[in-house]
Every structure is written in C-alpha cells, then in structure tokens.
Amino acid sequence: MTEAAGILASPTPQAWVVAAVAHWPELLVDHANCEKKAASSALALMFAYPEDAALAAALSRLAREELRHFEQVARAMQGAGVAYARQRPGRYAQGLRAALRTGDPQRKLDLLLSGALIEARSAERFALLAPRLPAPLARLYADLARSEARHYELYVGFAAGAAPGEWEARLRQLAQVEADLVTTPEDVLRFHSGVPRS
Ligand SMILES: [Fe+2]
Ligand SMILES: [Fe+2]
C-alpha cells in the first residue's frame, strides 16, 4: 500500500498493473497528457475562485510543478524513442466530472476533492509501476509518486478548510465513484483507466 491509498476506496487491480507494464510506451503518451491536464485543472480552479488567495498561491506552484513533470515525461519519451500520438481519452476524467455538484459552495468542495482523488490515484499507480519499469523510468515514477502524494494532501487540506463538517462524508462518496471507474472493465488502456477488457 502506498501513502496515497488512504483516501482511495479501492486499490488498483493487478490486471491493470500487468497491462500497464506490458504497454508502458503507449501509457507514457497518456501520462504526458495527464501532466498537462493536471496543470490545466489547477489553472482552471484559480480562475474559478480568484478571491481565494491562499488557494491561488498553492495552485500556481502546483501548476508549475505539473508542467515540469510534463517536461520530464517528454524527455523520457524522447529517450525511449516513443513518439507522440493522439489518443482518445479514457472515461475517467469525464466520469468523475459527472459526479460533481454544479452550484457553489458545493462545487468548489467537489473540485478540490476530485483533485485530491486524481492525485492520490496517480501516486498509487506511479508507486505500483516504479519497481516494474526499466531503469530511467523507474526513478522518474518513484519521484512522481512522492510529488503526487504531496499534491493529494494539498487538495485534501483545502477541502477540509472549505467545508470542515462535510468534506469527509463527501470524500467517501466521490472516492466510491472514482474507485468504480478504475476497477471496472474498460476498452482502452490509460493511466487512470479501469481493468482492460481484452
Ligand atoms: Fe504530476
Ligand atoms: Fe500532481
């Protein structure tokens, strides 16, 4: 178990790990997209809640860190001779998004909690993959597991501050949605996908 597993409702199934190790070059392309998306989601939150200066300061740093991760993944792709290819996204981000409430202050809490869950799942999967991947990637993934675990704690901290009486119960609900997305069968293999169908 990784430290991030604390907020996740279910661990990643072994079948995903096996498929991810077998198809790591393809997964690396999606991973690069995930880092861009993580930076972009942080910026979107800054735009949505500009009055929250503490959140803006934390997310600005986080977004820069995610872009550095993107650069690290891009270098790893280059080193491994993996070319960029367009991939259709898996269902994960959209599936989580569909569970978020639309009106504030509930939406802010849900966005922070879904951010925490995405980061926690990333940390869990990086830690699972690190010891199973070839050397340069193994080191990168071990580093990323630690970074994303810090990010999940940051999001949880802001969620707890935003809704002290509500966040834990809501986290459990959203964690169940997240867990279903990563443990049920899915047609495509992505960094946050479910169990590969074939
Ligand atoms: Fe990252
Ligand atoms: Fe992150």
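See the structure above.
Caption draft 1: Representation of the coordination of the iron ion (ligand 2) within the structure. Protein ligation of the iron ion (ligand 2) involves Glu66 (OE), Glu119 (OE), Glu119 (OE), Glu148 (OE) and His151 (ND1), the donor distances falling in the range 1.9 to 2.6 Å. Counting along the primary sequence, the residues that act as donors to the iron ion (ligand 2) give the motif E-x52-E-x28-E-x2-H. Separating the iron ion (ligand 2) and the iron ion (ligand 1) is a distance of 3.6 Å, and Glu66 donates to both of them. Separated by 32 residues along the polypeptide, Glu119 in helix 5 (residues 106–129) and His151 in helix 6 (residues 135–162) bring together distant segments of the chain. Using a relative accessible area of 6% as the deciding quantity, one classes Glu119 as buried. According to the relative accessible area criterion, His151 is buried, its value standing at 2%.

Caption draft 2: Focus on the coordination of the iron ion (ligand 1). Donor atoms from the polypeptide that coordinate the iron ion (ligand 1) comprise Glu35 (OE), Glu66 (OE), His69 (ND1) and Glu148 (OE), at 2.0 to 2.2 Å from the metal. Written as a sequence motif, the donor residues of the iron ion (ligand 1) are E-x30-E-x2-H-x78-E.

Caption draft 3: Main features of helix 7 (residues 167–183). Across its 17 residues, helix 7 extends 24 Å between first and last C-alpha, which sits within 8% of the 24 Å expected from 1.5 Å per residue. The set of residues buried in helix 7 consists of Trp167, Arg170, Leu171, Leu174, Ala175, Glu178, Ala179, Leu181 and Val182. Packing partners of the buried residues in helix 7 comprise helix 4 (92–98), helix 5, helix 6, strand 1 (185–186) and strand 2 (195–196).

Cut-off values and rules
Counting restarts for each chain, with residues numbered from 1 along the sequence as it is written. Chain labels run from A onward and ligand labels from 1 onward, assigned in the order the entries are written. Given that this is a predicted model, residues contribute local features only at a pLDDT of at least 70 and side-chain atom pairs are listed and counted only at 80 or more, while totals for whole chains, interfaces and linings are drawn from all residues. Excluding hydrogens and water, the side-chain values take into account all heavy atoms of the structure. The donor set comprises N, O and S atoms within 2.8 Å of the metal, extended to 3.2 Å for Na, K and Ca; water molecules are omitted, so apparent gaps in a site may simply reflect that omission. Strands here mean DSSP runs of E at least two residues long; helices mean DSSP runs of H or I at least four residues long; both are numbered from the N terminus. Three exposure classes are used, based on accessible area relative to the maximum for each residue type with a 1.4 Å probe and protein chains only: buried under 20%, partly exposed in between, and exposed over 50%. A helix is expected to span 1.5 Å for every residue after the first. Two residues qualify as a contact provided that any one of their heavy atoms is within 4.5 Å of a heavy atom in the partner residue.

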